[in-house]
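Fold and contact review
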Amino acid sequence: MKRVLIANRGEIAARIIKTCRRLGIETVAVYSDADRDLPYLEQATVARRIGEPPAAKSYMKIDALIEAAKATGCDAVHPGYGFLSENPAFVRAVEEAGLVFIGPDAEAVRLMGDKIAARAHMKAAGVPVVPGSDHPVTTPDEAAAVADRVGYPVMLKAAAGGGGIGMVRCADREALERAFVSTQTRAKTYFGNAALFIEKAIEGGRHIEVQIFGDKSGRVIHLFERECSVQRRHQKVVEEAPAPSLSEATRRAITQAAVRAARAVRYHNAGTVEFIVDADEKFYFLEMNTRLQVEHPVTEAITGLDLVEWQVAVADGQPLSLGQDDIRPRGAAVEFRLYAEDPETFYPSPGTIEAWACPDIEGVRVDTGYAAGSPVPPFYDPMIAKVIVHAPDRAAVLQKARRFFTGMTIRGIKTNQALHLKLLSDPRFVAGQYDTSLLNRMAKEK
Amino acid sequence: MRHIEAPMAGTLLSVLVKKGDEVKAGDQVAVLESMKMEIPIESGADGTVAEIKAAAGDFVNEGDPLIVLV
């Protein structure tokens, strides 16, 4: 592999360029008109315009990306996360163009992208799934029949959904009937597929996921779990490893279930198996993300590995360089997502970063695609940076994080910096005893 | 005459009122998408819709007038 096109933007494009440079691999960074001044473009070997600001006219255009890869002499494509990273048609288009896709094969992407098919597949492989639909529900009555069987509250979800979009919690039949049509319409609009399904809502659940890695010879290992329960609108805000509240027995069981899930689809490259864990530590498969995850750096911090380097090696046909027993976690790591948004209403705050200074603290890694002076466009995700803090133990991590967020200054846009500081003094978060309801509770308590 | 303005830059997803409609302060009149999030836009005052200044699919900047009320 000599030259890689990065079909993405922002911090993940910057992060992939960094590893490729270290490995002596050239990079082609693509940009929309809204992103032409972002600082990481200068770090790429080639920066190439891909289209207009809306993602549908740039980062989501399969033909334009393949054309760009060919025109610039690339031999591989890294999809990053979001955008086309979990689109099987994109995987196929890359491969048909004679390029290497740095990720799993199209079939695994397709199977896991259909959340109903994925549930069935996991059940067959002996991985526990949340009680719910075995088939799509097409009418409110069908949905209610499943909900009556599993019991309210339920989650109404889009079969082609993910990333927290296209899902609604319904407390009773009336709420389910009210939400049905709008969720169906939204699923059709966002994912091009109106199919919905029902899962029992696991109240007070913790969202715990396992990083897995497979190579093309069929070997699969895990790189431990991540606790991702600090969420707003079903989207993650803070992630950490190891999961502070999990028993050793559950940690073993959940990581083994994740490996079983990945083997069941002959998975290769980086993937994440997401689970919901209830108060009794019973865990259920939620979905598998067939790509590098936003929060992969917490795993890198505790394992000392570079997951992008591993992705490149596996895509290149090399076997995994380490076995399961060679990988031991050290210390604790927490990632804080810095969002351009109001810390109280969570409404987005696009604009221009007028000034931005971060304290330099040992063990703190800041991944970003922006700098002081950068415009933060309204077209894409509000995440402007990830702050990853690593230390020998969790208490030391939190202490460093407090120093970081107290010392950081940013002007021109609103961010959730204040929310992170509040979280860092919340007794439940500090004790590591929290579930997905934490941020909502904190908002109500103020 | 009062304007209902875009609270932030984004793409107008839908306009929920039409010319001649009566609206009350707090009524949701449009939906804006910004940074992958749907933002409900509410009327700041009571009035009658005199003009719609932007259509679904339009990109609007913070402060752009969307709806004129009389």
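This structure is a prediction, so every number in the text was calculated from the model and none was measured.

Quick look at the overall build of chain A
- Within chain A, the secondary structure is distributed over 14 helices and 20 strands.
- Relative to the 2.2 N^0.38 estimate, which gives 22 Å for 446 residues, the radius of gyration of chain A is 21 Å and therefore close to what a compact globule would have.
- Seen through its C-alpha atoms, chain A measures out along the principal axes to roughly 55 × 50 × 45 Å.
- By residue count, 58% of the 446 residues in chain A fall in the buried class.
- Look at the contacts in chain A between residues 6 or more apart in sequence, and 66% of them connect residues 24 or more apart.
- If you sum the accessible surface of chain A, you get close to 17300 Å²; carbon and sulfur atoms cover 50% of it.
- Of the charged side chains in chain A, 56 are positive and 57 negative, and the gap between their average positions amounts to 0 Å.

A short note on the interface of chain A and chain B
- Contacts between the two partners involve 16 residues from chain A, matched on the other side by twelve residues from chain B.
- The contact between chain A and chain B buries some 1200 Å² in all, and 68% of this surface belongs to carbon and sulfur atoms.
- When the area that chain A buries against chain B is broken down by residue, the three leading residues are Tyr347, Pro348 and Pro378 of chain A, summing to 42%.
- Applying the counting rule to chain A against chain B returns two salt bridges.
- A salt bridge links Lys36 of chain B to Asp381 of chain A; the shortest N-O distance between them is 3.9 Å.
- On inspection of chain A and its partner chain B, the count reaches three residue pairs in polar contact (both at pLDDT 80 or more).

As for the packing of aromatic side chains
- Considering all chains together, one arrives at twelve aromatic pairs over all chains under this definition.
- With centroids separated by 6.3 Å and ring planes inclined at 75 degrees, the aromatic side chains of Phe83 of chain A and Tyr380 of chain A adopt a geometry described as edge-to-face. Of the two residues, Phe83 of chain A is situated in the loop between strand S4 (76-78) and helix H3 (88-96) and Tyr380 of chain A in the loop between strand S18 (375-376) and strand S19 (383-391); the sequence distance between them amounts to 297 residues.
- Ring centres of Phe90 of chain A and Phe101 of chain A lie 6.2 Å apart, and the angle between their planes is 85 degrees; on these two criteria the pair is classed as edge-to-face. In this pair, Phe90 of chain A is assigned in helix H3 and Phe101 of chain A in strand S5 (residues 100-101), connecting sequence segments eleven residues apart.
- Within the aromatic cluster, the residues linked to one another by ring pairs are Tyr59, Phe83, Phe379 and Tyr380 of chain A together with Phe59 of chain B.
- We note Arg232 of chain A situated over the ring of Tyr339 of chain A; from NZ or CZ to the ring centre the distance is 4.3 Å.
- A cation over an aromatic ring shows up here: Arg394 of chain A above the ring of Phe429 of chain A, its NZ or CZ 5.0 Å from the ring centre.

Some thoughts on helix H5 (residues 115-124) of chain A
Residues and elements named next belong to chain A.
- Those residues of H5 lying buried are Lys115, Ile116, Ala118, Arg119 and Met122. One side of H5 holds all its buried residues, which, seen down the axis, span an arc of 160 degrees.
- Where H5 is buried, its residues touch helix H4 (106-113), strand S6 (154-162), strand S8 (196-200), helix H8 (248-264) and strand S13 (283-289).
- Its side-chain oxygen placed 3.1 Å from the backbone nitrogen of Ile116, Asp114 serves as the N-cap of H5.

Looking at the sheet that holds strand S12 (residues 269-277) of chain A
Residue and element names in this part refer to chain A.
- In space, the eight strands of this open sheet follow the order S13-S12-S9-S10-S11-S14-S19-S17, with antiparallel pairing throughout. Every other strand in the sheet has two partners, leaving S13 and strand S17 (364-368) as the edge strands with one partner each. Along the sheet, successive strands turn relative to each other by an average axial angle of 25 degrees, direction set aside.
- Of the strands in this sheet, strand S11 (235-241), strand S14 (332-339), S17 and S19 are in contact with helix H11 (residues 394-407), which crosses S19 at around 140 degrees.

Notes on the sheet that holds strand S1 (residues 3-6) of chain A
Residues and elements named next belong to chain A.
- Within the open sheet, the five strands sit side by side as S3-S2-S1-S4-S5. Their pairing is parallel. Each end of this open sheet is capped by a strand with a single partner; those strands are strand S3 (46-51) and S5.
- As defined by bridge partners, S1 adjoins S4 across three bridges and the pair is classed as parallel. If you follow Leu5 over to S4, its bridge partner there is Val77.

Topic: the domain arrangement of chain A
Residues and elements named next belong to chain A.
- For chain A, the assigned domains are domain 1 (3-102), domain 2 (131-200) and domain 3 (206-445).
- In this assembly, nine residues from domain 2 lie in contact with six residues from domain 3.
- Both faces considered, domain 2 and domain 3 share a buried interface measuring about 490 Å² in area, 51% of it formed by carbon and sulfur atoms.
- Where domain 2 packs against domain 3, one counts zero salt bridges.
- Our count for the domain 2 to domain 3 interface comes out at zero residue pairs in polar contact (both at pLDDT 80 or more).
- Within the residue set of the side of domain 2 that touches domain 3, elements represented by two or more residues are S6 and strand S7 (165-170).
- Among the elements that take part in the side of domain 2 that touches domain 3, S6 stands out by supplying three residues, more than any other.
- Across the side of domain 2 that touches domain 3, the residue classes tally to four nonpolar, three polar and two charged.

Things to note about the side chain of Ser374 of chain A
Residue and element names in this part refer to chain A.
- Within the fold, Ser374 resides in the loop between S17 and S18.
- Residue class for Ser374 comes out buried when judged on its relative accessible area of 3%.
- Among all residues touching Ser374, those that are not within four sequence positions of it are Leu38, Pro39, Gly351, Thr352 and Ile353.

Some details on the environment of Ala69 of chain A
- With respect to the secondary-structure elements, Ala69 of chain A resides in helix H2 (residues 62-71).
- When the C-alpha positions of Ala69 of chain A and Val94 of chain A are compared, they lie 9.2 Å apart, and in sequence the two are 25 residues distant.

Section: the pattern of salt bridges
All names here are of chain A.
- Under the defined criterion, the tally for this structure stands at 42 salt bridges over all chains.
- Its salt-bridge partner being Glu52, residue Lys57 comes within 3.8 Å of it at the nearest N-O pair.
- We classify Lys57 as partly exposed; its relative accessible area is 42%.
- Taking the relative accessible area as the measure of exposure, Glu52 reaches 40% and is therefore partly exposed.
- A salt bridge links Glu295 to Arg337; its shortest N-O distance comes to 2.9 Å. Within this pair, whereas Glu295 is found in the loop between S13 and helix H9 (296-303), its partner Arg337 is found in strand S14, the two being separated by 42 residues in sequence.

The rules behind each value
- Residues numbered from 1 in each chain as written.
- Chains lettered and ligands numbered in written order.
- Predicted model: local features only at pLDDT ≥ 70, side-chain atom pairs only at ≥ 80, totals over all residues.
- Heavy atoms only, no water.
- Helix = DSSP H or I, 4+ residues; strand = E, 2+ residues; numbered from the N terminus.
- Rg over C-alpha atoms; globule rule 2.2 N^0.38 Å.
- Buried < 20%, exposed > 50% of the residue type's maximum accessible area, 1.4 Å probe, protein only.
- Contact = heavy atoms within 4.5 Å.
- Areas by Shrake-Rupley, 256 points an atom, 1.4 Å probe, with all protein chains shown as cover.
- Lys, Arg positive; Asp, Glu negative; His and termini not counted.
- Charge placed at Lys NZ, Arg CZ, Asp CG, Glu CD.
- Buried area = accessible area lost by both parts, 1.4 Å probe.
- Salt bridge = Lys/Arg side-chain N within 4 Å of Asp/Glu carboxyl O.
- Polar contact = N/O pair within 3.5 Å; in protein donor to acceptor, adjacent residues only side chain to side chain.
- Phe/Tyr/Trp six-rings, centres within 6.5 Å; stacked < 30°, edge-to-face > 60°.
- Lys NZ or Arg CZ within 6 Å of the ring centre and 35° of its normal.
- Arc of directions from axis to C-beta.
- Pairing = 2+ DSSP bridges.
- Axes fitted to C-alpha atoms, helices over the stretch in contact; angles between N-to-C directions.
- Domains from an automatic or database assignment.
- Nonpolar A, V, L, I, M, F, W, Y, C, P; charged D, E, K, R; others polar.

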